[in-house]
Amino acid sequence: MSNYNPYEEVLRTLDMAAEMLGLSDDDYIQLKYPEREVKVSLPVKMDDGSIRVFEGYRVQHSGVRGPYKGGIRYHQNVDMDEIKALAMMMSLKCAVVDVPYGGGKGGVTVDATRLSTSEMERLTRRFATRLYPVIGPHIDIPAPDVNTNGEVMAWFMDTFSTLSGQLSPGVVTGKPVPVGGSVGRRDATGCGIMLMVREIAKKLNLNLKGARVAVQGAGNVGGTAATFLQREGCKILGLSDVSGAIYSEDGLDIEGVITFLRAKRGRTLADYSAPDVTRISNDELLSLNVDILIPAALENTITGKTAPGIKAKIIVEGANGPTTSEGDSILQQNGVTVVPDILANAGGVAVSYFEWIQNIQGVKWDEEKINERLENLMVKAFNDVWNTAQEAKTSLRMGAYMLAVDRIVTASKLRGIAY
Ligand code: NAD
């Protein structure tokens, strides 16, 4: 869909949820406008000595329920509309899982796969410097997203701390454990997806032992979700990344594939081979004969064009915004149950919240405590969404939006408009 606009997609769902809640325009009009949009230019000295200027964005959508929270993405398609959409989704996501944050998102328009590690570092440090006036542990707290990771967060935190003159681990989450990160954070989004698969499978009486699964995206979210699902007894038949997809009728050796990919920066599935593994296209992956499909790459994947071919009866959205509204209507007509992004991939922000608590209180939690809290939080959010959807006789996506909008609007009304 060439005229796809991610921000308008989210606004459409927001309007529908507000209507179902019986809200007036005045009740929720603020949610349609991000509180702050920042655009910065980022001059970076490249390894060959030349200077390139990249464009960076940070959108602070809603601070009604707490400091802005949301990841930083490095990708060639990043633009203001994408970041605005993702920032709004973060406000909704934090409200669905009821963590005391608002929503934000940031990004740089850059093909990160073409940058050396030292260029990535200089770009990140420049971005942190430019955003310095508008972020902070109680203002706006970034985290990793597409093509960013713990290493990038460590540079970001170090630059912020240098500028502020005090060690500020709470300014970003998703840091490596030795510099204030939390155990369990790296795997949190993928682990949360597994928990959501488990909960929806219980509701729909699907046995996870031997359940057939396809996963789009082999990065932090997709790779980890596939690993956790395999441990639950699922058979991962297909996995894709930007280079294409791999398939095995007997189930892929996911731990082996992910270990291979993570061993060297820049490796893709195109470099992987194993007996009984064949190559298929990304579109073929989406239409595999599976029980569960996990889109965990980018937005605008399940569209009017690809949705009709989907055979999975359950979709758990690992990515943010993988399904367009047109794709969503087709899935509903075909009886596919979708666990929506703002619930399904909230495990990351949940453990980010735990990391931030540890940073600002100067305490350390062990993995058992993190995992137990993550599970409690995600299962409670699932049941809240499920019950909202059942009561309103609507989809889980609409249930999640209704729950989130109601929580934000309630907080907004209590605070009032100051001036
Ligand atoms: P990542 O950079 O670690 O991985 C992205 C993966 O998608 C890579 O394997 C990449 O090759 C693949 N990919 C890119 N384009 C593709 C295409 N056209 N077809 C198939 N695969 C493609 O990023 P990530 O952190 O795993 O994020 C993935 C999604 O999950 C994004 O939508 C992100 O916003 C969302 N998300 C991430 C987190 C987190 O904690 N990292 C939390 C919540 C949501």
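Going along each chain's sequence as written, the residues are numbered from 1 onward. The model is predicted, so local features are restricted to residues of pLDDT at least 70 and side-chain atom pairs to those at 80 or more, both for listing and for counting; the totals for chains, interfaces and linings are taken over all residues. Calculated side-chain values reflect all of the structure's heavy atoms, with hydrogen atoms and water omitted.

S.K.: How do you make sense of the sheet that holds strand β1 (residues 36–45) when you look at a structure like this?
M.R.: Where strands meet in a sheet, backbone hydrogen bonds hold them as pairs that are either parallel or antiparallel. A sheet is described by the order of its strands in space; here five strands give the open sequence β1-β2-β4-β3-β5, paired in mixed fashion. Unpaired on one side and paired on the other, β1 and β5 (140–144) mark the two borders of the sheet. Neighbour-to-neighbour, the strand axes of the sheet open up by a mean angle of 25°, direction not taken into account. Of the strands in this sheet, β1, β2 (51–62), β3 (68–75) and β4 (103–109) touch helix α4 (residues 117–131), which is tilted by about 140° from β1. Strands qualify as paired when DSSP identifies two bridges or more between them. The helix and strand labels rest on DSSP assignments: H or I over at least four residues marks a helix, E over at least two residues marks a strand, and numbering proceeds from the N terminus. What counts as an axis is a line fitted to C-alpha atoms, over the stretch in contact for a helix, and the angles between N-to-C directions run from 0 to 180 degrees. Should any heavy atoms of two residues lie within 4.5 Å, those residues are counted as being in contact.

S.K.: Quick question: what am I supposed to make of the pairing of β4 here?
M.R.: Taken residue by residue, a regular strand's side chains alternate between the two faces of the sheet. Counting buried positions over the seven residues of β4 gives six, a clear majority of the element. Pairing geometry for β2 and β4, over six bridges, is antiparallel. For R58, the partnering residue across the bridge sits in β4 and is G106. Judged from the four bridges that link them, β3 and β4 form a sheet pairing that is parallel. In the sheet register, Y74 faces β4, and the bridge partner there is V108. A crossover links β3 with its parallel partner β4, the connecting element being helix α3 (residues 80–96), and its sense is right-handed. For every residue, the accessible area (1.4 Å probe, protein chains only) is compared with the maximum for its type, and the residue is labelled buried under 20%, exposed over 50%, or partly exposed between those bounds. By convention, a crossover is right-handed whenever its connection, traced from the first strand over the helix to the second and viewed with the strands pointing away, goes clockwise.

S.K.: Is there a simple way to think about unusual backbone geometry in this case?
M.R.: Note: most residues except glycine have negative phi, and most peptide bonds are trans. Not every positive phi belongs to a glycine, and D276 is a case in point at roughly 70°. If you trace the backbone, D276 turns up in the loop between α8 (254–262) and β9 (278–280). With a phi angle near 65°, N300 is a residue other than glycine that sits in the positive phi range.

S.K.: Explanation requested: the layout of surface pockets in the structure shown.
M.R.: In this approach, a probe sized like a water molecule rolls over the atoms, and the result shows the empty space that is left. Points on a 1 Å grid over protein atoms alone make up a cavity when a 1.4 Å probe fits among them but cannot get out, and a pocket when they form an open set with protein on both sides within 12 Å along at least five of seven lines; lining residues each have an atom within 4 Å of a point. Grid points are joined across faces, edges and corners, and a volume is the space filled by probe spheres set on the points. In this structure, the second largest pocket encloses a volume near 410 Å³. Considering the residues around the second largest pocket, the lining is formed by 29 residues, among which T13, T323, S325, D328 and R397 are closest to the centre. Elements that contribute at least two residues to the lining of the second largest pocket include exactly α1 (6–21), α3, α10 (325–333) and α14 (396–415). Element by element, the count of residues in the lining of the second largest pocket is highest for α1, at six residues. Under this grouping Gly is polar, as are all residues other than the nonpolar Ala, Val, Leu, Ile, Met, Phe, Trp, Tyr, Cys and Pro and the charged Asp, Glu, Lys and Arg. Tallied by class, residues from the lining of the second largest pocket come to ten nonpolar, eleven polar and eight charged. Each of domain 1 (34–172) and domain 2 (188–344) gives at least three residues to the lining of the second largest pocket. Delimitation of the domains relies on an automatic or database domain assignment.

S.K.: Would you explain the packing of aromatic side chains in this entry?
M.R.: Two aromatic rings are characterised by how far apart their centres lie and by the angle between their planes. Only the six-membered ring of Trp is used, alongside the rings of Phe and Tyr, when aromatic pairs are assigned; centres must lie within 6.5 Å, and planes under 30 degrees apart are stacked while those over 60 apart are edge-to-face, with the rest tilted. Taken as a whole and judged by the stated rule, the model has nine aromatic pairs. Ring geometry for F382 against W386: centres 6.1 Å apart, planes inclined by 20°, an arrangement best described as stacked. Highlighted residues: F382 and W386, both in helix α13 (residues 367–392), separated by four residues, approximately one helical turn. For the pair shown, F382 and W386 are each scored as buried. Over the face of the ring belonging to W365 we find K369, whose NZ or CZ atom lies 4.7 Å from the ring centre. Two conditions define a charge located above a ring, namely a distance within 6 Å from the ring centre to NZ of Lys or CZ of Arg, and an angle within 35 degrees of the ring normal. In this structure, R373 is placed above the aromatic ring of W365, and the distance from its NZ or CZ to the ring centre is 4.6 Å.

S.K.: Explanation requested: the nonpolar core in the structure shown.
M.R.: In a soluble, globular protein the nonpolar side chains are often hidden away together inside. Put simply, buried Ala, Val, Leu, Ile, Met, Phe, Trp, Tyr and Cys residues joined by side-chain atoms within 4.5 Å make one nonpolar core. Residues L92, V96, V97, L239, I294 and V316 are the most contacted members of the largest nonpolar core, which totals 88 residues. Per element, the largest residue contribution to this core is ten residues, and it comes from α14. Three or more residues apiece are contributed to this core by two domains, here domain 1 (34–172) and domain 2 (188–344). If sequence neighbours within four positions are ignored, L92 has contacts with V10, I342, Y401, A404, V405 and I408. Counting residues in each nonpolar core, the second largest holds 27 residues, with A112, F127, V134 and I135 among its members.

S.K.: When you look at the sheet that holds strand β8 (residues 244–247) in this model, what are you seeing that I'm missing?
M.R.: Read from one edge to the other, the open sheet built from seven strands follows the order β9-β8-β7-β6-β10-β11-β12, with strand pairing classed as mixed. The open sheet is flanked by β9 and β12 (337–339), the only strands paired with a single partner. Adjacent strand axes in the sheet meet at a mean angle of 20° when their direction is disregarded. The pairing of strand β7 (residues 235–241) with β8 spans four bridges and is classified as antiparallel.

S.K.: What should I look at first to understand the pattern of salt bridges in this one?
M.R.: In a structure, side chains of opposite charge can pair up when their charged atoms sit close to one another. Take a side-chain nitrogen of Lys or Arg and a carboxyl oxygen of Asp or Glu: if they are within 4 Å of each other, that pair is a salt bridge. Within this structure, the stated rule accounts for 26 salt bridges. Note that E82 and R73 form a salt bridge whose closest N and O atoms lie 3.2 Å from each other. Like R73, E82 is buried. Where salt bridges share partners, they join R73, E82, K105, D145 and E299 into one cluster.

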